[in-house]
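Chain by chain, the residues:
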Amino acid sequence: MNRELYGKLVFELSRQGRRGYRLPDNHIPDNFTPADDTVPEIPDNLLRRDALTLPECDELTVVRHYNNMSTNNFGVDTGFYPLGSCTMKYNPKINEEMATHRAFTRTHPAAPQQDVQGNLKLYHTLQTYLSEIGGMAEFTLNPFAGAHGELTGLMVIRAYHDSRNDRQRRKVIVPDSAHGTNPASAAVAGLEVVEVKSRPDGTVDVDDLRPLLDETVAAVMMTNPNTLGLFERNIPEIARLAHEAGALMYYDGANLNPMLGIARPGDMGFDVMHINLHKTFSTPHGGGGPGSGPVGVRAGLEQFLPLPRVEKIEAPDGGEAYRLVTESTEALGAVSATLGNFAVQARALAYILSLGSEGLMQVGPLATLNANYIKESLKDDYLLPIEGVCKHEFVFDGLRDKSTGVTTLNIAKRLLDHGYHAPTIYFPLLFHESLMIEPTETESKETLDSFIEVMHDIAREARETPDVVLTAPHNTPIAHPDDTAAALNPVTTFTL
Ligand SMILES: *Cc1c(COP(=O)(O)O)cnc(C)c1O
């Protein structure tokens, strides 16, 4: 493509009077007034006085501009995307077909219940499957994201303690390795965050946790495998201690995929959990959406789940039907305007049904195998701060040899030159040069091998010709945007 020409903003391509359309001649006289005086008049202050400044381009220029722009994006459909903490980047096309089925896309969110029985059945079926997968009594699919699920789950926990007049329980214990949304959601739910330390092996330090547990603790919030990709082996012990102290266990299920069908949070002693459908159960989620963060609870907490809920009932003819529950005394009320993000739910159900229980049980072992394969293949060049078997993802602390000055940021930028999306960088915060790699279960050995080769090449370049890495990327449409200025002073409109 000609980046000089078509990489410009469409406003820059504009030439006065150029156009790619022709409207029919206007037959309405300028002084026309409608005979029907029920047509409301546009208030004077809302009338446009000057013509809009719009780009003026011929059709071919516009088509080339947008097509070229679309190829500047990096996507799972164009290359390997080892971004850690994001799980499941592959989105089987059958799911898209299901989610965009006319029967679904044409339903209105406020349609009468009897007209949308199929949609309600989809919701209820998915809710039932997730309860089985999570080992929970009931799920709500209403929250729109993982963080939204965390907030909802913590509100359920608050409501539970309040219902027992245990109102002094306002603390949430969160490990120092937690995803940033965990402390943020706790704070938004009006709870106080208390940090528990990790041991040198990367898992939660039970000795550090024990003295923190008292009658002011509402919940212990944990991720398993944690954000270092490590399986927290002490969950049963931690759950016992938390429950003895009267606190509930919250499970951040954004990393559920390595234990899908193999271990269930409910069986480990968790009381409340969320799942990220847009991570473990497909749906593209680059750029922050769309998402879905269903929340599950163990028996005895169902009554606190938000409204509306979908209930299965017997139809007048004896068959099955579905009904919306919109009132209940102990429920949280609404956390979203509707029953959540329906298209994401449809994709998740299509994914579960197309894999079946046997397919779902292969997800974890394959994701784990792929992550460990990359980790072991690269640890001679990259610093592995925590040895041992990881689950679906792992973290390097930059290059082993730090003397070249090449940082994690440089490595990430150099990967772009080779057509790979960068891994997650500078998260988790436990290490200075974190490089968090997650291949997922869906990548072929050839893809993993070629990624490993490129990572080795970059390490060699760092030793032999560090400038090439330090000044990367060299062949992307944009090389070094000023991230800080863009965040502090975003320019969101174009002015000529
Ligand atoms: C992604 C993620 C979240 C937050 O989910 P969002 O849908 O981005 O709000 C929470 N915890 C972990 C471990 C995650 O990976």
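Residues numbered from 1 in each chain as written. Predicted model: local features only at pLDDT ≥ 70, side-chain atom pairs only at ≥ 80, totals over all residues. Heavy atoms only, no water.

**Student:** Got a minute to help me understand helix H8 (residues 181–188) in this structure?
**Tutor:** For an α-helix, the turn length of 3.6 residues means that residues three or four places apart are oriented alike. Listed as buried for H8 are Asn 182, Ser 185 and Ala 186. The arc enclosing the buried residues of H8, seen along the axis, measures out at 100 degrees, which places them on a common side. Just downstream of H8, Gly 190 is the residue with a positive phi angle, here 80 degrees. (Buried < 20%, exposed > 50% of the residue type's maximum accessible area, 1.4 Å probe, protein only. Helix = DSSP H or I, 4+ residues; strand = E, 2+ residues; numbered from the N terminus. Arc of directions from axis to C-beta.)

**Student:** Would you explain the pattern of salt bridges in this entry?
**Tutor:** A side chain of one charge can pair with a side chain of the opposite charge when the charged atoms of the two come close. The final tally for this structure, using the stated rule, is 25 salt bridges. When the shortest N-O distance is used, the salt bridge between Arg 169 and Asp 166 registers 2.8 Å. Judged by its relative accessible area of 6%, Arg 169 is buried. Close ionic contact of Lys 375 with Glu 376 constitutes a salt bridge, the shortest N to O distance being 2.7 Å. Put simply, Asp 207, Arg 210, Glu 237, Arg 240 and Glu 244 are held in one network by salt bridges that share partners. (Salt bridge = Lys/Arg side-chain N within 4 Å of Asp/Glu carboxyl O.)

**Student:** How should I be thinking about the sheet that holds strand S12 (residues 434–437) in this particular structure?
**Tutor:** Here three strands make up an open sheet; going across it, the order is S10-S12-S11 and the pairing antiparallel. The outermost strands of the open sheet, each flanked by one partner alone, are strand S10 (394–397) and strand S11 (424–425). The sheet contact formed by S11 and S12 spans two bridges and is antiparallel. Its bridge partner being in S12, Thr 424 is matched across the sheet by Met 436. Along the sheet, helix H13 (residues 342–378) contacts S10 and S12; its crossing angle with S10, the most-contacted strand, is approximately 20 degrees. (Pairing = 2+ DSSP bridges. Contact = heavy atoms within 4.5 Å. Axes fitted to C-alpha atoms, helices over the stretch in contact; angles between N-to-C directions.)

**Student:** So what exactly am I meant to see when it comes to the packing of helix H6 (residues 117–134) against H13 here?
**Tutor:** Axis angle and axis distance: for two packed helices, these are the angle between their axes and the distance between the axes, and together they describe the pair. Relative to each other, H6 and H13 sit at 50 degrees, their axes nearing to 10 Å. What the angle tells us is that H6 and H13 run oblique. In this structure, the crossing between H6 and H13 has a hand that is left-handed. Counting all contacts with H6, which are made through Asn 119, Leu 122, Tyr 123, Thr 125, Leu 126, Tyr 129, Leu 130 and Ile 133, the residues of H13 involved are Phe 342, Gln 345, Ala 346, Ala 348, Leu 349, Ile 352, Leu 353 and Leu 360. Of the residues that constitute the contact of H6 with H13, the class distribution is 13 nonpolar, three polar and no charged. (Parallel < 35°, antiparallel > 145°, perpendicular 65-115°, else oblique. Left-handed = near helix turned anticlockwise from the far one by under 90°. Nonpolar A, V, L, I, M, F, W, Y, C, P; charged D, E, K, R; others polar.)

**Student:** Explain the nonpolar core to me, please; I cannot follow it from the model alone.
**Tutor:** One broad rule of soluble globular proteins: the nonpolar side chains tend to lie buried together. By size, the foremost hydrophobic cluster in this structure holds 50 residues, and its most contacted members are Leu 130, Leu 213, Met 249 and Phe 281. Those elements that place two or more of their residues in this core are H6, strand S3 (192–196), helix H9 (206–209), strand S4 (217–223), helix H10 (235–244), strand S5 (248–253), strand S6 (272–275) and H13. Considering every element that reaches this core, the biggest residue donor is H13, with eight residues. Ala 371, Leu 378, Leu 384 and Cys 390 belong to the second-largest nonpolar core, a separate cluster that totals 25 residues. (Core = buried A, V, L, I, M, F, W, Y, C linked by side-chain atoms within 4.5 Å.)

**Student:** Help me understand the pairing of strand S9 (residues 320–325) in this model?
**Tutor:** In the case of a regular strand, side chains alternate between the two sheet surfaces. As paired elements, strand S8 (residues 309–314) and S9 share six bridges and run antiparallel to each other. Each residue of the ladder has a partner; that of Lys 312, found in S9, is Tyr 322. Taken together, S8 and the strand that follows it, S9, pair antiparallel across an intervening segment of five residues, in which Gly 318 is found at a positive phi of about 90 degrees.

**Student:** For this particular structure, what's the right way to read the site of the ligand?
**Tutor:** The full set close to the ligand counts 13 residues, and Gly 146, Ala 147, Asp 252, His 278 and Lys 279 are the nearest of them. Between the ligand and Gly 146 there is a distance of 2.8 Å, counted from an oxygen atom to a backbone nitrogen or oxygen. Within the side chain of Asn 276, one N or O atom sits 3.0 Å away from an oxygen atom of the ligand. Coverage of the ligand by the protein amounts to 87% of the 380 Å² it exposes when considered alone. Put simply, the parts of the chain that give the shell around the ligand at least two residues each are helix H7 (146–163) and helix H12 (277–280). Partitioned by chemical class, the residues of the shell around the ligand number three nonpolar, seven polar and three charged. (Near = heavy atom within 4 Å. Polar contact = N/O pair within 3.5 Å; in protein donor to acceptor, adjacent residues only side chain to side chain. Areas by Shrake-Rupley, 256 points an atom, 1.4 Å probe, with all protein chains shown as cover.)

**Student:** What's the story with the environment of His 432 in this structure? I'm lost.
**Tutor:** In this fold, His 432 is placed in the loop between S11 and S12. Residues His 432 and Thr 407, spaced 25 residues apart in sequence, show a C-alpha to C-alpha distance of 9.8 Å. Setting aside residues no more than four positions away along its own chain, His 432 makes contact with Asp 397 and Tyr 426.

**Student:** So what exactly am I meant to see when it comes to the pairing of S12 here?
**Tutor:** Side-chain alternation along S12 places Ser 434 and Met 436 on one buried face and Leu 435 and Ile 437 on a second face that is also buried. Across four bridges, the pairing between S10 and S12 is antiparallel. When the bridges of S12 are listed, Phe 396 appears paired with Leu 435.

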